[in-house]
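Fold and contact review
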Amino acid sequence: MSTDAAPTQSPPLAPPARLPFWRTSLFGIQHVLVMYTGCVAVPLVFGAALGLDTSTIATLVNADLLVAGVITLVQALGIGKLLGARMPVVAGASFTAVTPMILIGKAVSMTFGDEPAGGAPLALALGVVVMIIVLMRYGRGLVAQSAVLIALVPGTLAAAALSLTDFSAVGSAAWFGLPDPFLFGTPTFPIAGIISMCLVMLVIFTESTAYLMATADHLGRPLEPNRLARALGADGASAVLGGFLTSFPDTIFAQNVSLVRMTGVSSRRAVAVAGGLLVALGLVPKMGEVVANLPGAVIGSVSLVMFATVAGVGIATLARVDYSRNDNLLVVSLAMGIGMIPVVAPEVYEGLPSSVRIIAGGAITSTVIVAFVLNLVFNHLTPARTPKENAA
């Protein structure tokens, strides 16, 4: 983005909210409760898809929380003029990266472990989904925001009563420890994996930008380009730190943006408390073991709700697109159509080199490629068509 005027220092978005310590801490805890399940679901789904053992998944959970905490602190407090939005936003692992990373993991043979066994009775999974729906529909405030996390408790207790849980490894886990860097060995740099993750980061930057704009709008100030650049730089730093600690790239969490709007509390200190709590949780291996050993049926139900919610947010975003001009309908239609090929007809990509399957064989990456290319061609490189021209 270019401007004719010389860049100026961004003004503060809002006066800092002076809350008592106990209220700051309470709102920080609330932020963690709202985003916790969505954050840890990413390593759980990733680990299950690759057949990783629970000890390895526990390490991924701890690394995931640690990186989320560090990036949340960066976004809330900033690092000089280099990184961080200095806004009340919380960062966490993005579901956008899950499928591409699974394809990369399978291609480089991170494991040849068996797929997890069948799971708990369908009734348990359905019961958890119904509980989440009831809490989200009829709950109020924190109860509705934390519906997924709350449903985990009775779901796990029910699974324990059915002898579907095994938390024996929790007792031997340490109370304090750092995640293992480069858990899967010396880093390699396959070009297909790099391209795939670059596409993922474009999506992450896009969703973070939308949530940052929503937060800035709530605070009553515009989102300046240099502030946005620092915020997206922090997203990029999460991918670098995640690569070192075997974690995932982070994005701004919509749940926490909604929480700020709902409560009216825009204190960066409260968000910093949430970041500190996430860091602390990431340094407790015993907690990672507890999460990693949650029953499969319960985690499957939670993942279903989380993925469905992400899809719903995407639909809501597409509803705001102007389809009366340009070629936006064509861009969206083709992107979604080609993106569905790996889901409904994965055999189309069989026989192609693994590098091609990593880039084009995933629903997210193929959708991104088509959407970005067509949008560039139709809406930026060629003159936009008017509604009359479209009708003709």
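Up top you'll find the structure we're talking about.
The paragraphs below set out a description of the structure included in this document. None of the values given here were measured: they were computed from a predicted structure. (Residues numbered from 1 in each chain as written. Predicted model: local features only at pLDDT ≥ 70, side-chain atom pairs only at ≥ 80, totals over all residues. Heavy atoms only, no water.)

**Describing the packing of helix α8 (residues 191-219) against helix α9 (residues 225-245)**
Interaxial distance between α8 and α9 falls to 10 Å at its minimum, and their mutual angle equals 140°. One way to sum up the angle between α8 and α9 is to call them oblique. Along this stretch, α8 crosses α9, giving a crossing that reads as right-handed. Here Met201, Ile204, Phe205, Ser208, Thr209 and Leu212 of α8 come into contact with α9, specifically with Leu228, Ala231, Leu232, Asp235, Gly236 and Ala239. Residues of the contact of α8 with α9, tallied by class, amount to 8 nonpolar, 3 polar and 1 charged. (Axes fitted to C-alpha atoms, helices over the stretch in contact; angles between N-to-C directions. Helix = DSSP H or I, 4+ residues; strand = E, 2+ residues; numbered from the N terminus. Parallel < 35°, antiparallel > 145°, perpendicular 65-115°, else oblique. Left-handed = near helix turned anticlockwise from the far one by under 90°. Contact = heavy atoms within 4.5 Å. Nonpolar A, V, L, I, M, F, W, Y, C, P; charged D, E, K, R; others polar.)

**Focus on helix α17 (residues 363-381)**
Its 19 residues place the ends of α17 26 Å apart at the C-alpha level, agreeing with the 27 Å of an ideal helix rising 1.5 Å per residue. Those residues of α17 not exposed but buried are Thr365, Ser366, Val368, Val370, Leu374 and Asn379. (Expected span 1.5 Å × (residues − 1). Buried < 20%, exposed > 50% of the residue type's maximum accessible area, 1.4 Å probe, protein only.)

**Describing the nonpolar core**
In this structure, Cys39, Phe46, Val61, Leu65, Phe95, Ile132 and Val291 are the most contacted members of the largest nonpolar core, which totals 54 residues. Sort the elements by how many residues they give to this core and helix α1 (residues 21-49) lands first, with 11 residues. Every residue in contact with leucine 65, bar those within four places of it in the chain, is listed here: Tyr36, Cys39, Val40, Leu278, Val279, Leu281 and Gly282. Core analysis: the second largest hydrophobic core is formed by 12 residues, Ala85, Val89, Leu212 and Leu232 among them. (Core = buried A, V, L, I, M, F, W, Y, C linked by side-chain atoms within 4.5 Å.)

**As for helix α14 (residues 328-339)**
Taking 1.5 Å as the rise per residue, α14 with 12 residues should run 16 Å; its terminal C-alpha atoms sit 16 Å apart, in good agreement. What α14 keeps buried is the set Asn328, Val331, Val332, Ala335 and Gly339. Along α14, the residues classed as buried sweep out an arc of 90° about the axis, all on the same side. (Arc of directions from axis to C-beta.)

**Things to note about the packing of helix α4 (residues 122-138) against helix α6 (residues 147-161)**
Between α4 and α6, the shortest axis-to-axis distance is 9 Å and the interhelical angle comes to 150°. By the angle class used here, α4 and α6 are roughly antiparallel. The handedness of the crossing between α4 and α6 is right-handed. Between α4 and α6, the residues in contact are Leu124, Val128, Met131, Ile132, Leu135 and Met136 and Ala147, Val148, Ile150, Ala151, Pro154, Gly155, Ala158 and Ala159, respectively. Per-class residue counts for the contact of α4 with α6 are 13 nonpolar, 1 polar and no charged.

**What about a nonpolar patch on the surface?**
Taken together, the side chains of Ile369, Val373, Leu376, Val377 and Leu381 define a hydrophobic patch exposed on the protein surface, amounting to about 400 Å² of accessible area. Mapped onto the elements of the fold, leucine 381 is located in helix α17. (Patch = residues over 30% accessible without salt bridge, like charges linked within 9 Å, V, L, I, M, F, W, Y side chains within 5 Å. Areas by Shrake-Rupley, 256 points an atom, 1.4 Å probe, with all protein chains shown as cover. Salt bridge = Lys/Arg side-chain N within 4 Å of Asp/Glu carboxyl O.)

**Focus: the pattern of salt bridges**
Two side chains that carry opposite charge are able to pair once their charged atoms sit near each other. All told, the structure shown has 1 salt bridge when counted by the stated rule. For the salt bridge of arginine 227 with glutamate 224, the shortest nitrogen-to-oxygen distance reads 3.1 Å. Take arginine 227 and glutamate 224: they sit in the same class, and that class is buried.

**Examining unusual backbone geometry**
Most of the time, phi is negative for any residue but glycine, and the peptide bond is trans. Phi at arginine 86 takes a positive value of approximately 55°, unusual for a residue other than glycine. As for its position among the elements, arginine 86 is in the loop between α2 (54-77) and β1 (91-93). For arginine 86, a relative accessible area of 31% corresponds to the partly exposed category. At threonine 246, a position not held by glycine, the phi torsion is positive, near 60°.

**Examining the side chain of histidine 31**
The residue histidine 31 is located in helix α1 in this model. Once residues within four sequence positions are removed from consideration, histidine 31 is found in contact with Val90, Asn256, Leu259, Val260, Val271 and Ala274.

**Here we look at the environment of alanine 292**
For alanine 292, the location among the structural elements is in helix α12 (residues 285-292). Counting along the chain gives 237 residues from alanine 292 to serine 55, while the straight-line C-alpha distance between them is 7.4 Å. Contacts of alanine 292, omitting those with residues within four sequence positions, involve Leu44, Thr54, Ile57 and Ala58.

**Observations concerning the environment of alanine 360**
In this structure, alanine 360 sits in helix α16 (residues 354-360). The spacing of alanine 360 and glycine 339 is 21 residues in sequence and 8.9 Å in space, taken between C-alpha atoms.

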